[in-house]
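# Observations on the three-dimensional arrangement
So the chains spell out like this:
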Amino acid sequence: MDKPEDLQAVAAKLGIGGYRRHVFLCTGPNCCTPEDGLAAWEVLKKELKDHSLGGGPNACYRTKVGCLRICCHGPTMVVYPEGTWYHGMNAERIPRFVREHLVEGNPVAEWVFARNPIGSTECSGNNT
């Protein structure tokens, strides 16, 4: 039987509570092929590690998902808490995304198709 301490230990080991951003990457199969999605995922993991984004002031958590419900122009990605939605986040685009958005703090505008910041009363895109 699992104990509540087990959850706390896992969360502490993963650094939950210390992240500045959380990146969700859809790996298909609707917005992209699973092969393209998984290739992007592998590059994302490598780039986060190479830029030491597992901890520190720019720490970033990553989650691979099967669907973000934007089933075209993928792989689709969303970055929270700023709620920046990206399209076409293939393996070739990931290094620039990590460098510009996650390290330097400047979203790559030409790949952004919507914004929905958490905690903001303002929404953009087609939300009313």
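Given the structure is predicted, the values throughout are model-derived calculations rather than measurements.

Thresholds, definitions, all that
Residues numbered from 1 in each chain as written. Predicted model: local features only at pLDDT ≥ 70, side-chain atom pairs only at ≥ 80, totals over all residues. Heavy atoms only, no water. Pairing = 2+ DSSP bridges. Helix = DSSP H or I, 4+ residues; strand = E, 2+ residues; numbered from the N terminus. Axes fitted to C-alpha atoms, helices over the stretch in contact; angles between N-to-C directions. Buried < 20%, exposed > 50% of the residue type's maximum accessible area, 1.4 Å probe, protein only. Right-handed = clockwise from strand over helix to strand, strands pointing away. Expected span 1.5 Å × (residues − 1). Contact = heavy atoms within 4.5 Å. Parallel < 35°, antiparallel > 145°, perpendicular 65-115°, else oblique. Left-handed = near helix turned anticlockwise from the far one by under 90°. Nonpolar A, V, L, I, M, F, W, Y, C, P; charged D, E, K, R; others polar.

### Overview of the sheet that holds strand β2 (residues 60-65)
In space, the 5 strands of this open sheet follow the order β2-β1-β3-β4-β5, with mixed pairing throughout. Unpaired on one side and paired on the other, β2 and β5 (112-115) mark the two borders of the sheet. Taken over all neighbouring pairs, the strand axes of this sheet differ in orientation by 20 degrees on average, direction set aside. Note that strand β1 (residues 21-26) and β2 share 6 bridges and pair parallel.

### Quick look at unusual backbone geometry
With the exception of glycine, the majority of residues adopt a negative phi angle, and the majority of peptide bonds are in the trans configuration. The omega torsion across Gly28 and Pro29 is 25 degrees, close enough to zero to call that bond cis. Looking along the chain, the bond that leaves Tyr80 and enters Pro81 is cis, with omega of 20 degrees. Here Pro81 shows up in the loop between β3 (77-80) and β4 (84-86). Its identity is not glycine, yet His73 carries a phi of approximately 55 degrees, on the positive side. Locating His73 in the fold gives a position in the loop between β2 and β3. When its relative accessible area of 62% is taken as the criterion, His73 is described as exposed.

### Things to note about the pairing of β1
Remark: the β1/helix α2 (residues 34-50)/β2 crossover connection has right-handed handedness. Strand direction decides the pairing type here: β1 and β3, joined by 4 bridges, are antiparallel. Within β3, the residue paired with Leu25 across the bridge is Met77.

### Section: α2
Given a rise of 1.5 Å per residue, 17 residues ought to cover 24 Å, and the 24 Å separating the end C-alpha atoms of α2 matches this to within 8%. On its buried face, α2 is in contact with β1, β2 and α3 (94-103). Looking one or two residues past α2, Ser52 carries a phi angle of roughly 55 degrees, positive in sign.

### Looking at the packing of α2 against α3
At a minimum axis distance of 9 Å, the contact between α2 and α3 shows a crossing angle of 40 degrees. One finds that α2 runs oblique with respect to α3. Considering how the two elements wind past one another, α2 and α3 form a crossing that is right-handed. Packed against α2, whose contacting residues are Ala40, Val43, Leu44, Glu47 and Leu48, the element α3 presents Ile94, Pro95, Phe97, Val98 and Leu102 at the interface. Broken down by class, the residue content of the contact of α2 with α3 amounts to 9 nonpolar, no polar and 1 charged.

Structural measurements only, silent on function.
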